[in-house]
Amino acid sequence: MAMNTGGRLVAGSHNRNEFVLISADEIGRIKSVHELSSQTCQICRDEVEITADGELFVACNECAFPVCRPCYEYERREGSQCCPQCKTRYKRLKGSPRVEGDEDEDGTDDLEHEFNYSNIDTTNFSHGAGGIASSRGGSTGQAVNSRRELTPHNPEIPLLTYGEEDAQSEYNHSAIIVPSLASYGNEVRCPPVNSGITNSRPMVPEKDISLYGYGSVAWKDRMDDWKRRQNEKLQVVMHQDANVSKDLDAYDPGMPMMDEGRQPLSRKLPISSSKINPYRLIIILRLAILGLFFHYRILHPVPDAFGLWLTSVICEIWFAVSWILDQFPKWYPIERETYLDRLSLRYEKEGKPSELAGIDVFVSTVDPMKEPPLITANTVLSILSADYPVDKVSCYISDDGAAMLTFEALSETSDFARKWVPFCKKFNIEPRAPEWYFCQKMDYLKNKVHPAFVRERRDMKREYDEFKVRINRLVAIAEKVPEDGWTMQDGTPWPGNDVRDHPGMIQVFLGNDGARDIEGNELPRLVYVSREKRPGFEHHKKAGAMNALIRVSAVLSNAPYLLNVDCDHYMNNSKALREAMCFMMDPTSGKKVCYVQFPQRFDGIDRHDRYSNRNVVFFDINMKGLDGLQGPIYVGTGCVFRRQALYGYDAPPKKKRPSKTCNCWPKWCCCCCCSSRKNKKSKAKENKKLKHREASKQIHALETIEETADEAKTLSTSISQEKLEKRFGQSPVFVASTVALDGGIPNSISSESLLKEAIHVIGCGYEDKTEWGKEVGWIYGSVTEDILTGFKMHCHGWRSVYCMPKRPAFKGSAPINLSDRLHQVLRWALGSVEIFLSRHCPIWYGYGGGLKWLERFSYINSVVYPWTSIPLLVYCTLPAICLLTGNFIVPEISNYATLIFMALFISIGATSILEMQWGGVGLDDWWRNEQFWVIGGVSSHLFALFQGLLKVLAGVNTNFTVTSKAGDDGDFSELYIFKWTSLLIPPTTLLILNIVGVVVGVADAINNGYDSWGPLFGKLFFAIWVIMHLYPFLKGLTGKQERVPTVIIIWSILLASILTLVWVRINPFVSRDGPMLEICGLNCDDN
């Protein structure tokens, strides 16, 4: 029986006993795959082909995940039959064979006839194979015969030549060259051949080969290259059952396989619908209740206390707007999961150098007396011992105080690192900061600890104790600075003796030739940097120091990614860099990621976290919500950046997704919806026909398939050198590094030349007339440069990622003292006020860019929240005023008003409970956050608002004092230290006013009788609400001291005197209409 091929090319596999009919289109349809699709298969990295209708092949109609037809066919035949992205079962498309589980279809299925292999007459094809056996040796024929015996199906239909071109056929004829099948063990699998056939000839000799279009013939070289790259770059992971035979025949090398190295390196984990859907419903209900609440409040004024009523309504409206700005960015919370094993499979091949990208780590410090060198040393040691290729890590220490103590401490740290790093990697310990590692209690009997580890751990503990002694000795020496300043060992003066006037300094401690650990292994690079400072120049504090590190690192190492941490944030998870690379180096979604932000976790905080130092609500709820939008905001530390994003470049343009096909709607609906698109489609088809006629230009279109990989190596060369220098500064080496996407430095430049160039780029005048601090690097204009820098990146269309590994990536120390904590919050709020009053305010900046609306809401909330301090302070004063005057902000409450108030309180509580549920936050952490929101709002935020207005409008600068960070807070002794500051005045006043108001209100109710208790309950509830929120502040004032500070006593006496005068003026025990006189019934005139 003859098979009608319809003029199509026939290909087949003997091992699977199947044929594939390849459609050959007319010559006019030939076009570059890259030009038509611009889509890459996310499984095999080949281009997704164009269908016979001229449309891009779409395997999944649900998510349009880019998959080519061969991978689609294999996944349906041998895999899970589901889309790798959305896990939806693949539907059978036209031209695909039916597999088990396909739904039944009405009508005749053309594919059942097209792939009905039992009707194929094999005799008609047996003479078209040509002398395959004759072209091979006898041994090959024996292997083929033995293979045929093992094959369950053995139709003798040799159609293709394998491995090499037939001796009697030419490349320009019809013999189809298919790359040889991969070998397994020492055998080479070949298809069965008919040894009786000795001649090869084309099936249709008179037909021109160009009429076939381009297919396997033209793809021979490309297939060879593809197989070579697959064997070199991918390690195939075979997932087999334990019961599957390990015989060689159990594995068919001719079949494509899915391997772990090709899978995505991370994935999103949406919050469960059982948690997020009720949460969203409550938000909508709360909005409706707020509308009813304001409707009642506005339409029911209080005539006797109109001023109090109007003030309270204005404050409540502001709180509602602030709640909306804070609530709706949490509408799409997500979590993420990384696959470190896939990262290793993709970029780390056994026996070959690692292909992981390089990372430059920035550590910033200023004053070693306030930021102890021992803490900085632990941070550096944890970075140097990270689980990452040592030649890919460079650690840069920015000493903005030019302190010789920091320099000498780093020298000691580099010596100790030669012992500490190999110890960490040998035993794979966590954490790799020695101070916190040795604080852990070690159970030597658990998990059968090896005696060698016990001995080496004790030796290393002794080494670290000696290291601490040397560091503490340096600190003790540095406390007494000589009159003439410090000198180096050779007698030359230390360049940083004058902190405000010194040259730039760079010292490479590790990473140069000969710097190895005690086991002879290479160590990561460790570089000390102190930028030049001169009087009359603006140095921009931390932002300027970070920009100097960007330029220095670009000259010396030029890694494509950067990590910045504070000096007190050590790496708690040695795989943190790999966690970030799972997002940055993901080929599917990593190109648009500008930074990966890790949450901040802290050590040394008391169990109750009295002042909400952990900030758990922000890091575990708000940041998860932002990650579902455009990504979290940058919080200043624990963040991995893409260097090109810091250079101010726009994010890569988003490719247009292919149109999704849908067969679930009736035709009449499709006609109604798509009638407006018919004209556009007809015009598009006409344009395609015109382009298809240019066949002569497209015969060799396959050469353009790999062009995108070459274009990704460098940025557009159309940018002139002059424009680059105007943007980045006058440094040829640095300017050349800015256009290299993959990083790296040229080998032709000597280390001395690079060092001179690095000194040049940290000069005071280097940034003059450039875009540094405006569009490039960390952005100037605010003490909170982190918010501004992340905001600019999001405006350029980038997105960020929030990474929360199970083991916290970084841990730091926090100021647990009340005064230090308030000063820290003051600095953050001051930066927000500066951004609000600048041109970069998110209310009016960045429209038309890539910033999403809900992401903009979050940024607006981050710069507006200090202004909430004014209505918050006023609102917290209202309870005391109401209790002292006898008035209230709400008229006599009706049943309708009672229902509204109860519904509002219930919705607030339900929203908070559901947030805690999907965010994994405890009730205690949530309540501490609410308390400190009030404490910080009436103190730090209020002072920051006035200081920001003075700084921006009047030019009065305020100096910020770095909060002290203790190295040993085991007993939390610093928690109870009282440090007087003006920030304590507003909350102290509020606390005393409300306490006095409660006393006065209760006394008034007792004096006036039973009827006065009803109206009193609302006022008391209001005042107690304020007192409960200020309770941690009250504990902070007293602490564990034996006596109350004198200043508190003086302040209390002053307030008591003022309140006494007010009390006398109000005279609450006298009736409002004057004294009431009654006749007692006694006749006093009678004697």
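Here, the structure is the one placed above.
Residues numbered from 1 in each chain as written. Predicted model: local features only at pLDDT ≥ 70, side-chain atom pairs only at ≥ 80, totals over all residues. Heavy atoms only, no water.

(A) Here's a closer look at the packing of aromatic side chains. This model, assessed by the stated rule, comprises 49 aromatic pairs. Centroid distance F319 to Y875: 5.4 Å. Interplanar angle 90 degrees. Geometry classified as edge-to-face. Of the two residues, F319 is situated in helix α9 (residues 306-327) and Y875 in helix α28 (residues 869-885); the sequence distance between them amounts to 556 residues. Taken as a pair, F319 and Y875 share a single burial class, namely buried. With centroids separated by 5.7 Å and ring planes inclined at 40 degrees, the aromatic side chains of W420 and F423 adopt a geometry described as tilted. Of this pair, W420 and F423 both sit in helix α12 (residues 404-427), three residues apart, which is roughly one turn of the helix. Taken as a pair, W420 and F423 share a single burial class, namely buried. The rings of F416, W420, F423, F427, Y437, F438, F453, Y464 and F467 are connected pair by pair, giving a single aromatic cluster. (Phe/Tyr/Trp six-rings, centres within 6.5 Å; stacked < 30°, edge-to-face > 60°. Helix = DSSP H or I, 4+ residues; strand = E, 2+ residues; numbered from the N terminus. Buried < 20%, exposed > 50% of the residue type's maximum accessible area, 1.4 Å probe, protein only.)

(B) Seen up close, a nonpolar patch on the surface. Residues I843, W844, Y847 and W853 make up a contiguous nonpolar surface patch of roughly 480 Å² in combined accessible area. If you trace the backbone, I843 turns up in the loop between α26 (818-836) and α27 (853-864). (Patch = residues over 30% accessible without salt bridge, like charges linked within 9 Å, V, L, I, M, F, W, Y side chains within 5 Å. Areas by Shrake-Rupley, 256 points an atom, 1.4 Å probe, with all protein chains shown as cover. Salt bridge = Lys/Arg side-chain N within 4 Å of Asp/Glu carboxyl O.)

(C) Up close: the environment of G511. As for its placement among the helices and strands, G511 is situated in the loop between β9 (505-510) and β10 (525-530). Between the alpha carbons of G511 and D391 there is a distance of 8.4 Å; along the sequence they are 120 residues apart. Each residue touching G511, except ones within four places of it in the same chain, is listed here: L523, P524 and R525. (Contact = heavy atoms within 4.5 Å.)

(D) Inspection of the nonpolar core at higher detail. Counting 71 residues, the largest nonpolar core has W420, L563, M581 and V596 as its most contacted members. Sort the elements by how many residues they give to this core and α12 lands first, with 11 residues. The contact partners of W420, leaving out residues within four places of it in the chain, are L381, S385, I429, R432, A433, P434, Y437, F438 and M460. (Core = buried A, V, L, I, M, F, W, Y, C linked by side-chain atoms within 4.5 Å.)

(E) Expanded view of the sheet that holds strand β7 (residues 359-365). Spatially, the eight strands line up as an open sheet ordered β9-β10-β8-β7-β11-β15-β13-β16, and their pairing is mixed. With one partner strand each, in any of the chains shown, β9 and β16 (799-802) form the two edges of the open sheet. This sheet shows a mean twist of 20 degrees between the axes of neighbouring strands, independent of strand direction. Pairing of strand β13 (residues 593-597) with strand β15 (residues 639-642), which is carried by three bridges, proceeds in the antiparallel orientation. The residue bridging Q597 from the neighbouring strand is C639, located in β15. Most of the contacts of helix α11 (residues 373-384) go to strand β8 (residues 393-399), to which it runs at about 165 degrees, and overall it touches β7, β8, β9, β10 and β11 (561-566). (Pairing = 2+ DSSP bridges. Axes fitted to C-alpha atoms, helices over the stretch in contact; angles between N-to-C directions.)

(F) Representation of the environment of V58. Topologically, V58 is positioned in the loop between α1 (33-36) and α2 (69-77). Put simply, V58 and L93 are 35 residues apart on the chain and 9.3 Å apart in space, counted from C-alpha to C-alpha.

(G) Representation of the pattern of salt bridges within the structure. Per the stated rule, a full pass over the model turns up 33 salt bridges. Between D627 and R336 there is a salt bridge, with the nearest N and O atoms lying 2.8 Å from each other. In this pair, D627 is assigned in helix α17 (residues 616-627) and R336 in strand β6 (residues 334-338), connecting sequence segments 291 residues apart. Among the residues examined, D627 registers a relative accessible area of 2% and is labelled buried. Residues K419 and E463 are paired through a salt bridge, measuring 3.0 Å at the closest nitrogen-oxygen approach. Taken as a pair, K419 in helix α12 and E463 in helix α14 (residues 451-478) lie far apart in primary sequence, 44 residues in all. Members of the salt-bridge network, linked through shared partners, are E348, D387, K575 and R578.

(H) Here's a closer look at the packing of α11 against α14. Following both chains from N to C, one finds α11 and α14 inclined at 135 degrees, their axes separated by 10 Å at the closest point. By the criterion of interaxial angle, the relationship of α11 to α14 is oblique. Of the two elements, α11 crosses α14, and the hand of that crossing is right-handed. Only Y464, F467, K468, I471 and V475 of α14 make contact with α11, whose side of the interface consists of P373, L374, A377, N378 and L381. Broken down by class, the residue content of the contact of α11 with α14 amounts to eight nonpolar, one polar and one charged. (Parallel < 35°, antiparallel > 145°, perpendicular 65-115°, else oblique. Left-handed = near helix turned anticlockwise from the far one by under 90°. Nonpolar A, V, L, I, M, F, W, Y, C, P; charged D, E, K, R; others polar.)

It is worth stressing that arrangement in space is one thing and function is another; only the former is reported here.
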